[in-house]
Amino acid sequence: MDPGDDLKLGPLQTMLLEILLLLLLASVTGIGLNWKLLANAWSGKAVTSLPATAPQTAIPLPLGLMQVKELFDKNEAVIIDSRDRNAFAAGHIKGAISVPLMDAGSLVTEFSGRVPKSALLVIYCNGYACEDSVELGKQFISAGYSTVYYFDGGFPAWRDANYPTAGGER
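Overview of the structure.

Conventions we followed
Every chain is numbered on its own, with residues counted from 1 as its sequence reads. Thresholds applied to this predicted model are a pLDDT of at least 70 for local features of residues and 80 or more for the giving and counting of side-chain atom pairs; totals over whole chains, interfaces and linings are not thresholded and use all residues. Here the side-chain values reflect all heavy atoms present in the structure, with hydrogen atoms and water set aside. Secondary structure elements follow DSSP: runs of H or I no shorter than four residues count as helices, runs of E no shorter than two count as strands, and numbering proceeds from the N terminus. Relative accessible area decides the class of each residue, using a 1.4 Å probe on protein chains only: under 20% of the type maximum gives buried, over 50% gives exposed, and in between gives partly exposed. Whether two residues touch is decided by their heavy atoms; if any such pair falls within 4.5 Å, the residues are in contact. A strand pair is defined by DSSP finding two or more bridges across the two strands. We call a crossover right-handed when, viewed with both strands directed away from the observer, the connection leading from the first strand over the helix to the second proceeds clockwise. By the criterion applied in these results, polar contacts are pairs of N or O atoms within 3.5 Å in which, for protein atoms, one can donate a hydrogen and the other can accept it, and in which residues neighboring in sequence qualify only through two side-chain atoms. Axis angles are defined between N-to-C directions and span 0 to 180 degrees, where every axis is a line fitted to C-alpha atoms and, for a helix, only to the segment in contact. Any angle between 65 and 115 degrees counts as roughly perpendicular, while under 35 counts as roughly parallel, over 145 as roughly antiparallel, and the rest as oblique. The hand of a helix crossing depends on one turn: near helix anticlockwise from the far one by less than a right angle means left-handed, and clockwise means right-handed. By salt bridge we mean one thing: a side-chain nitrogen of Lys or Arg within 4 Å of a carboxyl oxygen of Asp or Glu. Grouping into patches uses exposed residues only, defined as over 30% relative accessible area, and leaves out salt-bridged ones; the cut-off is 9 Å for like charges and 5 Å for nonpolar side chains (Val, Leu, Ile, Met, Phe, Trp, Tyr). Method for areas: the Shrake-Rupley scheme with a 1.4 Å probe, in which residue coverage is limited to the protein chains shown. Criterion for a disulfide: a pair of cysteine sulfur atoms at a distance within 2.5 Å.

## Focus on the overall build of the protein chain
The helix and strand inventory of the protein chain stands at seven helices and seven strands. In the protein chain, the succession of α and β elements from N to C terminus is α-α-β-α-β-α-β-β-α-β-α-β-α-β. Looking at the protein chain residue by residue over its 170 residues, the buried ones come to 29%. In the protein chain, once contacts between residues fewer than 6 apart in sequence are set aside, the share between residues at least 24 apart is 69%.

## Focus: the pairing of strand E5 (residues 120-124)
Of all five residues that make up E5, four are buried, and the element is covered over most of its length. Bridge analysis of E5 against strand E6 (residues 147-151) gives four bridges, and the strand direction is parallel. If you follow Leu121 over to E6, its bridge partner there is Val148. Handedness of the crossover joining E5 and E6 through helix H6 (residues 132-142) is recorded here as right-handed.

## Thoughts on the sheet that holds E6
Here five strands make up an open sheet; going across it, the order is E1-E6-E5-E2-E4 and the pairing parallel. The strands lining the two open edges of the sheet, one partner per strand, are strand E1 (61-63) and strand E4 (97-98). Here E1 pairs with E6 via three bridges, running parallel. Residue pairing for E6: Leu61 is matched across the bridge by Tyr149.

## Remarks on the side chain of His92
Mapped onto the elements, His92 comes out in strand E3 (residues 92-93). Since its relative accessible area comes to 11%, His92 is described here as buried. At 2.8 Å, the side chain of His92 and the backbone oxygen of Phe88 are in polar contact.

## Considerations on the packing of helix H5 (residues 104-114) against H6
Between H5 and H6, the least distance of the axes is 10 Å, while the angle of their chain directions is 50°. Taken as axis vectors, H5 and H6 run oblique relative to one another. The two elements H5 and H6 cross, and the hand of that crossing is right-handed. Mapping the contact onto sequence places Ala104, Gly105, Val108 and Phe111 in H5 and Leu136, Gln139 and Phe140 in H6.

## Side note on the pattern of salt bridges
One pass over the structure, following the stated rule, counts five salt bridges. Here Arg159 and Asp160 are joined by a salt bridge, their closest N and O atoms 3.4 Å apart. On the basis of relative accessibility, which here comes to 32%, the residue Arg159 falls in the partly exposed class. Relative accessible area serves as the criterion here: at 57%, Asp160 is assigned to the exposed category.

## Description of a nonpolar patch on the surface
The grouping of Leu9, Leu17, Leu20, Leu21, Leu24 and Val28 at the surface amounts to a nonpolar patch, some 600 Å² of accessible area in total. Note on placement: Leu21 falls in helix H1 (residues 11-33).

## With respect to the state of the cysteines
Inspection of every chain in the model, using the stated rule, returns one disulfide. Bridging Cys125 to Cys130, the disulfide has an S-S length of 2.3 Å. On the sign convention where negative means left-handed, the S-S torsion of about -135° between Cys125 and Cys130 marks this disulfide as left-handed. On the accessibility criterion, Cys130 (16% relative accessible area) is buried.

## Here's the deal with the environment of Lys69
Position of Lys69 among the secondary structure elements: in helix H3 (residues 65-73). Sequence separation between Lys69 and Pro164 is 95 residues; the distance between their C-alpha atoms is 9.7 Å.

Laid out in structure tokens, this is it:
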């Protein structure tokens with residue numbers, strides 16, 4: 001009997017040995033690259049939060065037509081039109097306040113003096129492709145308002161549903 005016969009491995013054993021070696025190599029590499037982090041974690045000095053790389057801006061959440069209509073009917077929200085003054089004059093959601101995005105800097109400050117920060121705000125513009133309501137919503141959030149939504153369908157969806165409007169000819 002040849003002494004080398006005992007060391008011959010079949011294909012399955014060879015594959016398992018290779019997998020074991022790869023796992024061992026990956027573990028050693030991972031520990032080697034993260035030794036300081038692991039040492040801090042084991043000693044109880046683990047980092048609890050990472051430094052922010054860039055400031056995160058909160059964005060308003062979307063609402064659909066039925067949700068906005070329910071808030072409108074119950075008078076539970078301040079509805080804000082972010083379109084320009086001409087579009088507002090041509091037609092808007094009944095009772096909406098005009099705060100055009102292009103004039104938002106001064107108007108948000110003025111608005112903050114009249115409407116409490118706890119108010120629920122729903123901002124709309126010209127429909128699904130319009131981002132003005134989202135941008136204006138960010139400014140209201142930055143001004144301290146915490147419950148800010150944008151109406152995804154905007155004025156076109158409201159008007160097309162024959163819900164109450166003001167201004168313009170209808």
